[in-house]
Amino acid sequence: MYTHHGEDIFVIDGHTHLWDASPANWRNKYGESWIKCFYTFHSSLSPAEAVWPFEKFCQYGGETLVDDLFCKGYVDMGILNSTYLYEFYLNGFNSHIQNNAIKAQYPDRFILCGSFDPRAEEAGLDAFRHMVEDYPIQGLKLYTAEWRDGSRGWRLNDPWAYKYLELCQALGLKNIHVHKGPTVYPLSRDAFDVHDVDYAATDFPDLNFIVEHIGLPRLEDFCWIATQESNVYAGLSVAMAFSRLRPQYFAEIMANLLFWLGPDKLCFGSDYAIWSPQWLIEKFMAFELPDEIKKEYGVDLTLEIKRKILGENAARLYGIDIAAQKAKLSQDGIGVKLATVA
Amino acid sequence: MLYDGVQCEFPPGYDGTGLLERLQPILDPELDESILQLGFVQSLHVHDGHVTIVVQLPTSWCAVNFAYMMADDIRRALLTVEGIQHVTVRLHDHFAAEAIETAVNAGKPFAEAFPGEGCGSLTALRMTFLHKGFTSRQERLLRALRAAGLVPEDICALRVGDVVLQGEACVVQRAGHAPIEVGAAETLGRYLARRAELGFNCAPTAPLMTDLRGHPLAVERLEAYYQAARTVRVSLEANSLFCRTLLTVCQPNTCERVL
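Residues numbered from 1 in each chain as written. Chains lettered and ligands numbered in written order. Predicted model: local features only at pLDDT ≥ 70, side-chain atom pairs only at ≥ 80, totals over all residues.

Side note on the overall build of chain A
- Helix and strand counts for chain A stand at 15 helices and ten strands.
- On C-alpha atoms alone, chain A measures out to a radius of gyration of 19 Å, which is about the 20 Å that the 2.2 N^0.38 rule sets for 342 residues.
- Counting all 342 residues of chain A, 51% fall into the buried class.
- In chain A, the share of contacts with a sequence separation of at least 24, taken over all contacts with a separation of at least 6, comes to 77%. (Helix = DSSP H or I, 4+ residues; strand = E, 2+ residues; numbered from the N terminus. Rg over C-alpha atoms; globule rule 2.2 N^0.38 Å. Buried ≥ 20, exposed ≤ 12 C-beta atoms within 10 Å, placed from the backbone. Contact = placed C-beta atoms within 7 Å.)

The structure is reproduced here in structure tokens:
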């Protein structure tokens, strides 16, 4: 919970991970390269006091995550974005199984994302059904650039992807987070192209597609698609991290998103542990659009809009009643601890 | 100065200006800036008509297709310099350096050298980024014209010859109107250079503002066109910023030059 002039702001961090990138889990050199690439993102954009040693960054554990999100980071609920990368990590990078360990401890604090890979074709449909039956999966995180048996990626509008999306509908899963962001070595750049979202969003109007990292570096393609498709949302992680070093660009990115998508389709995300919600939220709450940007774009980032971005929009997507959820959270282990400290 | 930051080793009496001039127009396709200005060229060595050039990209995981494109552009450009028979491009600290160098230095096409990358045609990719760069450069000029008080009717009526360079400034000079200063000379220069590169009519009587097909912009479309162009510019700038920020940890020395 962030408190602004005595008023509570409910925060849902739309993009969090509990990964294991420790050397013992590296399958090959790509496991090492991947986490080093993440570490570069982390260390280049975080404030000095928030930069971790590389060893901690490789594996930080559930209690560190709980502390950084809920105790220090103002977050009320986190969405765990499962990312598998079995070709780089022996046990996966942060599978739903790994993520569920922390979800099981604090069930009301987390929304657990599962995933599918359409390249598993028929055989994968059953495995996907089991995942949804066996784990408390409430959303999906799709990683179209993931390697698999020599393939360097897939597209949301592939015929098999449509079969899985049909199954999502049948299983009652509504929210599909799709990674469309900066290239992460060693993944191929084209697999992050954002246009496949356009097809899937048109053909599956009952599903919501939350484009994580707003398609950067393809902001214009993303804005165009999200303006056409009422069920396409913006996940703001990566963009948020610009707020500290380059507030002018952050202002322009936010102004563009507000101009094209409006305030109801933008969702906060930290991409923890790449960046920590504490400094991101403090910066964001203190941030105001400069007057010339407001004038140029005809938009504003008011307190009411910040409130939507930080939690209300994601709560709506996941059907969370904020008042009821707050009451519930005040009773769990973290809520009790926070009340004691306060 | 073109030589800034480039370690040059030439035979006695050799004038390397020609080499640097050929490198100057080579762009990082995504960032739409010269690789020389970006500080990517580390060293140039000439011996017996053979140039060896060492290039350092912003991060060791820069996409293979873009890295290939820059290396290939460099080789082709340098081979056009009189007296140069061989060019060897070296990529310093890049994960796929060896594969890219082998392909580029042997003149092997990208698709043949990297069949698994599935990036399609580099020509199409290059065109996409030339177009993005066009839109972004045009947006800066449009913004300057708007800021100087020109309305859509004025802007769409402008011909290439109506905007002239005066020292560091760019000035709109129309018959029957007082001259109006509209920002930096570089803004116009960069826009016109890309227009020419795309093969659009750059004669003084040609319309100043055209779309990506070279067709004049209509007054009633201008505002929507500008709004879309603005997002392209912000997207390119944000990407460039991301790369430059990553440089601060990857290449502490280079970052001082580009930030």
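We are not done yet, so read on.
Some thoughts on the pairing of strand 4 (residues 41-47) of chain B
All names here are of chain B.
- Here three bridges tie strand 1 (residues 7-9) to strand 4, and the two strands are oriented parallel to one another. Residue pairing across strands places glutamine 7 opposite serine 43, the latter belonging to strand 4.
- The sheet contact formed by strand 4 and strand 5 (residues 50-56) spans six bridges and is antiparallel. Directly across from leucine 44, in strand 5, lies its bridge partner isoleucine 53.
- Here strand 4 folds back onto strand 5, and the loop between the two strands holds two residues, one of which, aspartate 48, carries a positive phi near 50 degrees. (Pairing = 2+ DSSP bridges.)

Description of the domain arrangement of chain B
- Once the domains are mapped, chain B shows domain 1 (7-120) and domain 2 (123-238).
- The distance between the C-alpha centroids of domain 1 of chain B and domain 2 of chain B comes to 31 Å. (Domains from an automatic or database assignment.)

Looking at the sheet that holds strand 6 (residues 137-142) of chain A
Residues and elements named next belong to chain A.
- Strand order across the open sheet formed by eight strands is 3-4-5-6-7-8-9-10, with parallel pairing between neighbours. Every interior strand has two partners, whereas the edge strands, strand 3 (12-16) and strand 10 (266-267), have only one.
- Pairing of strand 4 (residues 77-80) with strand 5 (residues 110-114) involves three bridges; the strand directions are parallel. Across the sheet, the residue bridging to isoleucine 79 is isoleucine 111, located in strand 5.

Some remarks on the pairing of strand 8 (residues 208-212) of chain A
All names here are of chain A.
- Taking burial as the measure, the five residues of strand 8 include five buried ones, the bulk of the element.
- Judged by which residues are buried, strand 8 turns out to be covered on both faces: Asn208, Ile210 and Glu212 on one side and Phe209 and Val211 on the other are all buried.
- The pairing of strand 8 with strand 9 (residues 232-235) spans four bridges and is parallel. Its bridge partner lying in strand 9, glutamate 212 is registered against glycine 235.
- Following the chain from strand 8 across helix 8 (residues 219-228) to the adjacent parallel strand 9, one finds a crossover that is right-handed. (Right-handed = clockwise from strand over helix to strand, strands pointing away.)

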